[in-house]
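What follows is each chain in one-letter form.
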Amino acid sequence: MPDISKVKQRIEELRALINYHNYRYYVLDSPEISDAEYDELMRELRRLEEEHPKFITPDSPTQRVGAAPVEAFGVVEHPQPLLSLANAFSSEELEAWYRRAYNLLGGRNFDFVCELKIDGLAVALTYENGLFTTGATRGDGYHGENVTQNLRTIRSIPLSVPKEAPPRFEVRGEVYLPKAGFKKLNEDRAKEGLPPFANPRNAAAGSVRQLDPRITAKRPLDIYIYALGWAEVKATPNTHWEMMDYLKCLGFKVNPNIALCRTLNEVADYYQTWVGRREELPFDTDGIVIKINPIPFQQELGFVGHEPRWAIAYKFPAIQGTTRLIDIGINVGRTGSLNPFAILEPVKVGGVTIRQAALHNEEDIHRKDIRIGDMVIVQRAGEVIPEIAGAITSLRTGKEKVFKMPSQCPVCGAEVIKPPGEAMHRCPNAACPAQALERIQHFVSRGAMDIEGVGEKLSEALFTAGLLKDAADLYYLTRDQLLSLERMADKSVSNILNSIERSKDRPLPRVIFALGILHIGEETAELLAEHFPSIDALAKTSREELLSIPSIGPKIADSILSFFRQEQNLHIIKKLRQAGIKLSTEVKKPAGLPLTGLEFVITGSLENFTRQEAETKIKALGGKAGSDVTRKINYLVVGADPGSKLARARELGTKTIDEAEFIKLLTEAEAGRRFQ
Ligand code: IVH
């Protein structure tokens, strides 16, 4: 039996190490160890905590993702209101703000801190006795929503702070979704047939206000802290500049692009620099915030209404332009969604020529009252696809036309449907050529079968030439067929054939994802592959079984069932199988050792071995020792005081054995008996 005080000591050591590496990775953006090494530390900590649940503390790095969905957010009263900021849109307005403050302070001089105005969601984080206890949204400024569980999943929010911190205090900051994370999130949503988020701010707000923290945890949210809300007892710095340093020392993430400016001219320089460079930033900003540096001056100046006199937001000019909406086109997506887009008279916006813009769905077009022929305002933000902010109705001539979604698919002519509760219209014809091509393009894409060399263009050329009717045809392409395409040389054909061949080995989750089932993104595909050892098992499943899997709801379940009911999908699967694509989880062929191909998980404590000894024995006999109970696990070894794994094993029907049975199995295996 391991010495209990040693276990506790190791747990504490691991937490300190993990917190340190978290801080290096998420706050400083400067990791010192590889992801694999980090995962190993987490795994060890998780294992020790599972064996000794009494040592679990709320600030342990394992406790970031709450298991249970939040029923509804409670209300948090802000001890000090969270106010908004007055805006300046020109240097004159900025100057006027400065003059007012200068006069109110009786002509005393002061310096400024300039910061970027991060476009996200304001939150207040309360720490009590060293621990993060409450996280709240701004709400109406006086009452916010309690989103503690969701904020705990953001790795750059420390769950605990050093002893030197005040016993009770609150910091404020902006939760945001980096542009790259936003782009990926929308791509994933599109693949699942879900409507995209309009911009990173909406996506961040939607993620923080998710009722299920497990979903929040999957969104790459981040935070910048920009103020101390209040603090009890401890003296805190006297200037905002020093305050930012102080907050950094407590482990908070502060935006590095802040500047101390002595004059209003320096403020104007800071503004000009960032007007020019805002697109380089990995997150969205809509201006800068200027704060009067001495905190006693801030207190003297106080507030007018909901806005402080000591700070102001100086907004960036919107990256907008006006042009004419010539027409509205329709693009038919992989899942049959009819995606309207704006066809514009070309216009330069922020140095980029825009010809097309997103117009999410019919409802959105009508809500914004955009009509064909209108002069419209086009705007772009960072990486986001340009969109139409609205129409200039005063310029209407009366000839503009109200848009109506076609009742027939523009590509195949099938009758369009609009499923109840969905924003998108759909073409229900699975054989629609537009969908077929999009499905092939999805199949070959990076997260799916990743067939290098067969991108969107080549798939389209093959499709148009009639060489591909569906994705499975890829595996039957001949050298001559490829050579018959324009600009195809011997060498590139060999490369393409090789990469098609290599893709036959992709693991099951990729294949499930590649099939392009509506609402099945990469994560759901992984989840399904954990539960079903093969495509056949998935095809035969029932609604009940699907619904028993956490995070699979009726929408996903029905989509899977409907996919496997369609003859042409079964035909594709048949062709994939015949071509030798792996349609099941790899089962290792039994090699020389008796436990080869078998995977064990241990729960609770064993009398005759430490966990490590037991795992070493399993491995020595060719078996694998895992830490999570999934469908792949063959045996759960149950010791004293088993953890939640036992319940999980019962749910999945995993075979459980006690310590005596385990010893018997090892003895027989050592004697050479093979287990299957
Ligand atoms: S200071 C009392 N600093 O802008 C003033 N706000 O329009 C407190 N924001 O609700 C705000 N970046 O959510 C401050 N560097 C920054 C900011 C920032 C973004 C947001 C914040 C606030 C809103 C005001």
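Residues numbered from 1 in each chain as written. Predicted model: local features only at pLDDT ≥ 70, side-chain atom pairs only at ≥ 80, totals over all residues. Heavy atoms only, no water.

Engineer: What am I meant to see in the site of the ligand here?
Structural biologist: Surrounding the ligand, one finds Leu85, Glu115, Leu116, Lys117, Ile118, Ala122, Glu174, Tyr226, Val289, Lys291 and Pro308. Lysine 291 has a polar side-chain atom sitting 3.0 Å from a nitrogen atom of the ligand. The protein chains hide 87% of the 530 Å² of surface that the ligand would expose on its own. Counting residues per element, the ones that place at least two in the shell around the ligand are β3 (112–118) and β10 (285–292). Considering only residue class, the shell around the ligand consists of 7 nonpolar, no polar and 4 charged. (Near = heavy atom within 4 Å. Polar contact = N/O pair within 3.5 Å; in protein donor to acceptor, adjacent residues only side chain to side chain. Areas by Shrake-Rupley, 256 points an atom, 1.4 Å probe, with all protein chains shown as cover. Helix = DSSP H or I, 4+ residues; strand = E, 2+ residues; numbered from the N terminus. Nonpolar A, V, L, I, M, F, W, Y, C, P; charged D, E, K, R; others polar.)

Engineer: Before we go on, may I ask you to explain the pairing of strand β4 (residues 121–128) in this structure?
Structural biologist: When you tally the buried positions in β4, you get 7 out of 8 residues, the bulk of the element. In the sheet, β4 pairs with strand β7 (residues 168–176) via 8 bridges, with the strands oriented antiparallel. Each residue of the ladder has a partner; that of glutamate 128, found in β7, is arginine 168. One ladder, built from 6 bridges, connects β4 with strand β5 (residues 131–137); its direction is antiparallel. When the bridges of β5 are listed, alanine 124 appears paired with alanine 136. (Buried < 20%, exposed > 50% of the residue type's maximum accessible area, 1.4 Å probe, protein only. Pairing = 2+ DSSP bridges.)

Engineer: Looking at this structure, I do not really get the environment of tyrosine 476. What am I missing?
Structural biologist: Tracing the chain through its elements places tyrosine 476 in the loop between α13 (456–464) and α14 (479–483). C-alpha separation for the pair tyrosine 476 and isoleucine 500, spaced 24 residues apart in sequence, amounts to 9.8 Å. Dropping the residues within four chain positions of it, tyrosine 476 is found in contact with Gln481, Lys575, Gln578 and Ala579. (Contact = heavy atoms within 4.5 Å.)

Engineer: How do you make sense of the state of the cysteines when you look at a structure like this?
Structural biologist: Think of a disulfide as a covalent bridge from one cysteine sulfur atom to another cysteine sulfur atom. Applying the stated criterion across every chain, the model contains 0 disulfides. Of all cysteine sulfurs, the one in cysteine 261 lies closest to cysteine 114, which takes part in no disulfide; the gap is 3.8 Å. Since its relative accessible area comes to 0%, cysteine 114 is described here as buried. Lacking any disulfide linkage, cysteine 409 is separated from the closest cysteine sulfur, that of cysteine 427, by 3.8 Å. (Disulfide = S-S within 2.5 Å.)

Engineer: When you look at the packing of helix α1 (residues 4–27) against helix α2 (residues 35–51) in this model, what are you seeing that I'm missing?
Structural biologist: For any two helices packed against each other, one specifies the inter-axial angle together with the distance between the axes. Relative orientation of the contacting elements α1 and α2 amounts to 145 degrees, with a least axis distance of 10 Å. Seen from above, α1 lies across α2 with left-handed handedness. The segment α1 lies against α2, with Val7, Arg10, Ile11, Leu14, Arg15, Leu17, Ile18, His21, Asn22 and Tyr25 engaging Asp35, Tyr38, Leu41, Met42, Glu44, Leu45, Leu48 and Glu49. (Axes fitted to C-alpha atoms, helices over the stretch in contact; angles between N-to-C directions. Left-handed = near helix turned anticlockwise from the far one by under 90°.)

Engineer: So what exactly am I meant to see when it comes to a negative patch on the surface here?
Structural biologist: There is a patch of like negative charges on the surface, built from Glu522, Glu526, Glu530 and Asp628. Looking at the secondary structure, you find glutamate 522 in helix α17 (residues 522–531). (Patch = residues over 30% accessible without salt bridge, like charges linked within 9 Å, V, L, I, M, F, W, Y side chains within 5 Å. Salt bridge = Lys/Arg side-chain N within 4 Å of Asp/Glu carboxyl O. Lys, Arg positive; Asp, Glu negative; His and termini not counted. Charge placed at Lys NZ, Arg CZ, Asp CG, Glu CD.)

Engineer: Can you help me understand the sheet that holds β3 in this one?
Structural biologist: If you trace the 5 strands from one edge of the open sheet to the other, you get β2-β13-β10-β3-β9, paired in mixed fashion. At either margin of the open sheet sits one strand with a lone partner, and together these are β2 (87–88) and β9 (259–261). Across 5 bridges, the pairing between β10 and strand β13 (residues 311–315) is antiparallel. For lysine 291, the partnering residue across the bridge sits in β13 and is alanine 311. On the sheet, helix α8 (residues 240–249) packs against β3, β9 and β10 and is oriented at approximately 55 degrees with respect to β3. Those strands touched by helix α9 (residues 264–277) are β3, β9, β10 and β13, and its axis lies near 25 degrees from that of β3.

Engineer: What's the story with helix α6 (residues 200–208) in this structure? I'm lost.
Structural biologist: Given 3.6 residues per helical turn, the α-helix brings residues three or four places apart onto the same face. Residues Pro200, Ala203, Ala204, Ser207 and Val208 constitute the buried set of α6. Taken around the axis of α6, the buried residues stretch over an arc of 125 degrees, which confines them to a single face. Buried residues along α6 sit against β4, β5, α4 (148–151), β7, α5 (179–191) and α7 (213–218). (Arc of directions from axis to C-beta.)

Engineer: Got a minute to help me understand the side chain of arginine 611 in this structure?
Structural biologist: Note that arginine 611 resides in helix α22 (residues 611–620). With a relative accessible area of 10%, arginine 611 lands in the buried category. From its side chain, arginine 611 meets the backbone oxygen of isoleucine 602 in a polar contact 3.3 Å long. Residue contacts for arginine 611: discarding those within four places in its chain leaves Arg47, Glu51, Ile602, Thr603, Gly604 and Lys645.

Engineer: What is the right way to look at the pairing of strand β21 (residues 599–603) in this model?
Structural biologist: One face of the sheet, then the other: side chains in a regular strand alternate in exactly this way. Where burial is concerned, most of β21 is hidden: 5 out of the 5 residues are buried. Here β21 shows a buried face lined by Glu599, Val601 and Thr603 and a second buried face lined by Phe600 and Ile602. Relative to strand β22 (residues 624–626), β21 runs parallel, the two sharing 3 bridges. Pairing of phenylalanine 600 across the sheet is with alanine 625, part of β22. The handedness of the β21 to β22 crossover, carried by α22, is right-handed. Pairing of β21 with strand β23 (residues 635–638), which is carried by 4 bridges, proceeds in the parallel orientation. Its bridge partner lying in β23, isoleucine 602 is registered against valine 637. (Right-handed = clockwise from strand over helix to strand, strands pointing away.)

Function cannot be read off these values alone, since they describe shape.
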